[in-house]
Amino acid sequence: MRTNDFYNIIELVKSDILKSEKEYLRLLKVIGNNQRYDFLSQLSIYDKNPSATACASFDVWRERFNRTVMRGQRGIPIINNTSTFQKVRFIFDVSQTVSIDNNVNEVELWYFDWSRDEKTLKDMIEKQGYVASESMTANIYSLSRIYADESINELANNLRIEDNDRNSFIHFIRNSISYAVSIRFKHNYPIDMENVRDNYKYLDKISLISVGSCISNACNNIIETTMKMTRNLSVNQVLTNVC
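Notes on the structure follow.

### Details of the packing of helix H2 (residues 21-33) against helix H3 (residues 39-48)
Right, so step 1: For the pair H2 and H3, the least separation of the axes is 9 Å and the interaxial angle reads 115 degrees. Here the hand of the crossing between H2 and H3 comes out right-handed. Along its contact with H2, which presents Glu23, Arg26, Leu27, Val30 and Ile31, the element H3 presents Phe39, Gln42, Leu43, Ile45 and Tyr46.

### Observations regarding the pattern of salt bridges
Right, so step 1: If you walk through the whole model with that rule in mind, you get 11 salt bridges.
Right, so step 2: Notably, a salt bridge pairs arginine 36 with glutamate 224, separated by 2.7 Å at the nearest N-O pair. On the criterion of sequence distance, the pair formed by arginine 36 in the loop between H2 and H3 and glutamate 224 in helix H9 (residues 207-242) is long-range, its members being 188 residues apart.
Right, so step 3: A salt bridge links aspartate 123 to lysine 119; the shortest N-O distance between them is 3.1 Å. Residue aspartate 123 and its partner lysine 119 are both found in helix H5 (residues 114-126); the two are separated by 4 residues, about one turn of the helix.
Right, so step 4: For aspartate 123, a relative accessible area of 22% translates into the label partly exposed.

### Here's the deal with the nonpolar core
Soluble globular proteins tend to bury their nonpolar side chains together.
Right, so step 1: Counting 62 residues, the largest nonpolar core has Tyr24, Leu28, Ile173, Ile177, Phe185 and Ile215 as its most contacted members.
Right, so step 2: Contacts of phenylalanine 185, omitting those with residues within four sequence positions, involve Trp110, Phe112, Leu121, Met136, Ile140, Ile223 and Thr226.
Right, so step 3: Counting 7 residues, the second largest nonpolar core, distinct from the first, contains Ala56, Trp61, Phe92 and Val107.

### Digging into the sheet that holds strand S3 (residues 76-80)
Right, so step 1: The strand order S1-S4-S3 describes an open sheet built from 3 strands, whose pairing is antiparallel. Each edge of the sheet is formed by a strand with only one pairing partner; in this case those strands are strand S1 (55-57) and S3. This sheet shows a mean twist of 50 degrees between the axes of neighbouring strands, independent of strand direction.
Right, so step 2: As defined by bridge partners, S1 adjoins strand S4 (residues 87-93) across 3 bridges and the pair is classed as antiparallel. Pairing of serine 57 across the sheet is with isoleucine 91, part of S4.
Right, so step 3: Strands S3 and S4 of the sheet are contacted by helix H1 (residues 3-17), whose axis makes an angle of about 115 degrees with S3.
Right, so step 4: Running over the sheet, helix H4 (residues 58-65) touches S1 and S4 and is turned about 95 degrees from S1.

### Quick look at H1
Right, so step 1: Between its first and last C-alpha atoms H1 spans 21 Å; for 15 residues at 1.5 Å apiece the expected length is 21 Å, and the two agree.
Right, so step 2: By the burial criterion, the buried members of H1 are Phe6, Ile10, Val13, Lys14 and Ile17. All buried residues of H1 fall inside an arc of 100 degrees around its axis, so they share one side. Exposed and facing more than 90 degrees away from the buried side of H1 are Asn4 and Leu12.

### What to know about the packing of aromatic side chains
Right, so step 1: Applying the stated rule across the entire model yields 9 aromatic pairs.
Right, so step 2: Ring geometry for tyrosine 24 and phenylalanine 172: centres 5.6 Å apart, planes at 25 degrees, overall stacked. With tyrosine 24 in helix H2 and phenylalanine 172 in helix H7 (residues 163-184), the pair connects residues that are 148 residues apart, well separated along the chain.
Right, so step 3: Judged by its relative accessible area of 0%, phenylalanine 172 is buried.
Right, so step 4: Between tyrosine 24 and tyrosine 200 the ring centres are 6.0 Å apart and the planes differ by 75 degrees, which places this aromatic pair in the edge-to-face class.

### Here we look at H2
Right, so step 1: For H2, with 13 residues, the first-to-last C-alpha span of 19 Å sits near the 18 Å given by 1.5 Å per residue.
Right, so step 2: For H2, the complete set of buried residues consists of Glu23, Tyr24, Leu25, Leu27, Leu28, Val30, Ile31, Gly32 and Asn33.

### Description of the side chain of threonine 230
Right, so step 1: Within the secondary structure layout, threonine 230 lies in helix H9.
Right, so step 2: Setting aside residues up to four positions removed in sequence, threonine 230 forms contacts with Trp110, Asp117 and Thr120.

### A word on unusual backbone geometry
Negative phi is the rule for most residues except glycine; trans is the rule for most peptide bonds.
Right, so step 1: Positive phi outside glycine occurs at asparagine 66, with the angle close to 55 degrees.
Right, so step 2: Examined against the element boundaries, asparagine 66 turns out to sit in the loop between H4 and strand S2 (67-69).
Right, so step 3: Unlike most non-glycine residues, lysine 186 shows phi in positive territory, near 55 degrees.
Right, so step 4: The residue lysine 186 is located in the loop between H7 and helix H8 (193-199) in this model.

Each value, and the rule that gives it
Residues numbered from 1 in each chain as written. Predicted model: local features only at pLDDT ≥ 70, side-chain atom pairs only at ≥ 80, totals over all residues. Heavy atoms only, no water. Axes fitted to C-alpha atoms, helices over the stretch in contact; angles between N-to-C directions. Helix = DSSP H or I, 4+ residues; strand = E, 2+ residues; numbered from the N terminus. Left-handed = near helix turned anticlockwise from the far one by under 90°. Contact = heavy atoms within 4.5 Å. Salt bridge = Lys/Arg side-chain N within 4 Å of Asp/Glu carboxyl O. Buried < 20%, exposed > 50% of the residue type's maximum accessible area, 1.4 Å probe, protein only. Core = buried A, V, L, I, M, F, W, Y, C linked by side-chain atoms within 4.5 Å. Pairing = 2+ DSSP bridges. Expected span 1.5 Å × (residues − 1). Arc of directions from axis to C-beta. Phe/Tyr/Trp six-rings, centres within 6.5 Å; stacked < 30°, edge-to-face > 60°.

So this is what it looks like as structure tokens:
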């Protein structure tokens, strides 16, 4: 696939997302489940395999996980920016792979365990000088403020959001981040759909990239920090038990 073809497809994908709030929520689910990819790649995942939860290249599946892509599977195109010139490469979701030689080789994906990891969210909030809640919904929303408010305010300035609408718009972006993060944490976040509808008017093909990138970056920071802290906690617990 040529890069021009890739970008032409992305334009069509943006049109689909802008058709309804329902499609916007589907995009947020993709962002939450694929936080390690940039927003442009997440748009392509939304288009080709919106149920994807763990994507990697053909070589990474083989070399790191001893898995291979099943015959006939179509890859998800993304832009490779690591070289001097942009080029399209392909990634595949774990559901498109099988163990090499049919050996039992399940991929162990990180997951949020409420009973084990709830305290981690509270610690992340309290380390920033804020008071954590007993509500997971409230804590996730607080994390969206802590990790993204600076970027959200810059976004509102760049989009020239009017003063009367600014608080509603900021809540819209925080809500979007919280909803996407909650998807990854398997938490039923009660997103404010009236707020989504009120602010959907600000989205067009240009602003969607800015809004999506802001949400994507915040989700990456929140989820990756949570994953790192819970893994460190697990290691410390193992060491404690061994000693």
